[in-house]
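Tertiary structure, described
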Amino acid sequence: MGKDVDQTQYSREQRQQFRRKVKRGLDAFEQMLVDRHFEAERPLTGLEIELNLVDDDARPNFHNAEVLAEIADPDYQTELARFNIELNVDPRPLPGDSAMELETALRDSLNEADRRAAGVGSRIVMVGILPTLKISDYGPDWISENIRYTALNDSIFSARGEDIQLDIEGPAGEQLLATADSIAPESACTSVQLHLQVSPADFASHWNAAQAISAPQVALAANSPFFEGKRLWAETRIELFRQATDTRPIEFTNQGVRPRVFFGERWVTSIFDLFEENVRWFPALLAEVDGEDPLQVLEAGGTPQLSELNLHNGTIYRWNRPIYAVVGDQPHLRVENRVLPAGPTIMDTMANAAFYYGAVHSLVNSDRPVWSRLSFAAAEDNFLACAREGLEAEVYWPSYGELGVDELVLRHLLPLAHQGLQDWGVSQAVIDRYLGVIEARCKTGVNGAVWQTRTVAALEEQGMDREQALAEMTRRYIEHMHTNEPVHTWAL
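A few points on the structure. (Residues numbered from 1 in each chain as written. Predicted model: local features only at pLDDT ≥ 70, side-chain atom pairs only at ≥ 80, totals over all residues. Heavy atoms only, no water.)

Some thoughts on the overall build of the chain
Condition: Only DSSP runs of H or I reaching four residues or more are called helices, and only runs of E reaching two or more are called strands; each is numbered from the N terminus. Restricting the calculation to C-alpha atoms gives the radius of gyration, and the globule rule supplies 2.2 Å times the number of residues raised to the power 0.38. Burial classes follow relative accessibility: with a 1.4 Å probe on protein chains only, a residue under 20% of its type's maximum area counts as buried, one over 50% as exposed, and anything between as partly exposed. The contact rule is simple, with two residues in contact once any of their heavy atoms fall within 4.5 Å. Here the accessible surface of atoms and residues is derived via Shrake-Rupley with a 1.4 Å probe, and residues count as covered only by protein chains that are part of the display. Counting rule for charge: Lys and Arg are taken as positive, Asp and Glu as negative, and neither His nor the chain ends is counted. The atoms used to mark charge sites are NZ of Lys, CZ of Arg, CG of Asp and CD of Glu.
The number of helices and strands found in the chain is 16 helices and 15 strands. Over its C-alpha atoms the chain spans a radius of gyration of 22 Å, differing by no more than 12% from the 23 Å that the globule rule assigns to 492 residues. A principal-axis box enclosing the C-alpha atoms of the chain has dimensions of 70 × 55 × 45 Å. In the chain, which comprises 492 residues, the proportion classed as buried is 61%. For the chain, the proportion of contacts with a sequence separation of at least 24, taken over those separated by at least 6, is 76%. Per element, the accessible surface of the chain, about 18,900 Å² overall, is 46% carbon and sulfur. Placing the 44 positive and 75 negative side-chain charges of the chain at their respective mean positions leaves the two points 3 Å apart.

Considering a negative patch on the surface
Using the following cut-off: Each patch is built from residues that are more than 30% exposed by relative accessible area and take part in no salt bridge. Like charges join if they lie within 9 Å; nonpolar side chains (Val, Leu, Ile, Met, Phe, Trp, Tyr) join within 5 Å. The term salt bridge refers to a pairing of a side-chain nitrogen on Lys or Arg with a carboxyl oxygen on Asp or Glu at a separation within 4 Å.
There is a patch of like negative charges on the surface, built from Glu162, Asp163, Asp181 and Glu251. Assignment of secondary structure puts Glu162 in the loop between α4 (147-160) and β5 (164-169).

Here's the deal with the side chain of His412
Condition: Polar contacts, as used here, are pairs of N or O atoms within 3.5 Å; protein pairs need one atom able to donate a hydrogen and one able to accept it. Residues neighboring in sequence count only if both atoms are side-chain atoms.
Along the chain, His412 falls in helix α13 (residues 405-423). Among the polar contacts listed, one links the side chain of His412 to the side chain of Trp397, at a separation of 3.5 Å. Of note is the side chain of His412, whose polar atom sits 3.3 Å from the side chain of Tyr400. In contact with His412, not counting residues within four places along its chain, are Trp397, Tyr400 and Glu407.

Purely geometric stuff here, so don't read any function into it on its own.
Have a look at this one:
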């Protein structure tokens with residue numbers, strides 16, 4: 001959800017003060033990377049899952065406050081729109097059977113949350129974009145009751161100076177052309193975020209590996225083919241999120257000004273590279289200032305919270321985001337992987353996580369790092385191709401040249417993920433369960449996006465119009481989702 005704020009509008013003086021505090025925070029952070037011990041002795045993983053609420057007609061249901069009150073579990077929190085909620089998972093180590101234990105706990109938690117949500121008229125759906133959602137569904141009270149969200153909306157539109165233009169074309173020629181007078185379409189993009197705690201010395205290699213692996217991740221997990229009734233990208237969420245939060249008027253885009261949803265421009269050598277770029281390139285959207293002087297705290301032997309630097313970092317949406325946090329006066333660093341859509345099931349989610357953690361671990365420990373042989377531009381091209389085309393995408397990979405992403409995964413990345421999980425001490429039962437799902441997706445050619453598009457096509461052939469087919473597909477999706485059987489096994 002991001003850090004809360006107390007106001008929606010900021011004066012010129014507040015913005016100047018915020019900029020000064022951000023720069024002092026950056027100076028303090030630079031010193032800490034040289035002088036301070038960061039918690040990283042036992043690498044921890046974390047997970048966040050964004051969810052949608054629907055009514056009996058599989059349409060978005062804008063009442064998350066009532067649902068959260070009924071669920072009454074602090075692991076579930078508000079999200080941007082009133083039809084969104086978020087499930088947060090406490091950090092934990094990966095070795096042994098912990099992943100299967102987490103799968104059981106998440107499934108039980110989601111079952112109970114769904115049961116309670118049903119008591120106030122909603123079902124919970126894990127999906128990258130709710131297929132039945134339309135821009136016209138967003139009424140005047142669409143946004144959740146959180147000052148941060150209103151402040152972000154106001155700041156983005158103040159920076160942009162005009163309505164947002166949405167323009168996305170799908171593989172069969174269907175095209176979304178729309179305007180929005182708020183960031184409401186951003187809330188259509190519901191994701192899974194994977195966290196990995198690392199040391200300062202290891203951060204750059206983990207971030208570079210995560211960037212390189214982002215394209216296959218998206219292709220394997222694509223689950224967002226529909227928005228506004230249109231068949232668009234396999235993972236439409238990637239492009240919709242970029243356009244829906246764009247602070248740039250068209251002239252700034254033409255000048256090459258960087259978007260806030262940002263793949264990046266280069267491989268990095270330190271986490272400081274990313275924070276320094278954020279400060280240098282992106283104006284502040286939120287300008288909340290606290291009373292801490294980070295350099296004074298550091299000089300006194302304390303651990304600064306770096307509130308302003310973190311607040312600013314939270315408004316720049318890198319697909320792999322650097323995270324600084326303090327727990328019990330101990331600082332730590334994380335890579336937050338943000339490329340995955342939610343769903344289709346908890347088992348699919350765990351399979352996506354296992355593939356990511358295993359592949360990244362092997363890539364980091366490779367004698368010849370892939371980022372030393374793959375241009376950053378090629379990595380970004382791979383990422384966009386996989387978002388557009390999913391499992392049918394062609395990608396470039398060193399030593400393999402141009403090949404299908406499914407072939408790359410089967411021939412190269414799955415063995416890497418297997419070895420990485422073994423090296424991490426993950427049990428063979430966990431490896432077989434989750435990487436078996438990834439292998440089966442590649443061999444069947446079915447992920448969430450493929451199942452959705454095939455089901456809608458079959459329903460339309462039976463005489464349904466697009467709106468009816470999307471609603472019926474979503475109802476079937478929900479029932480399959482709650483079986484926890486992986487999506488490649490679902491019947492149409």
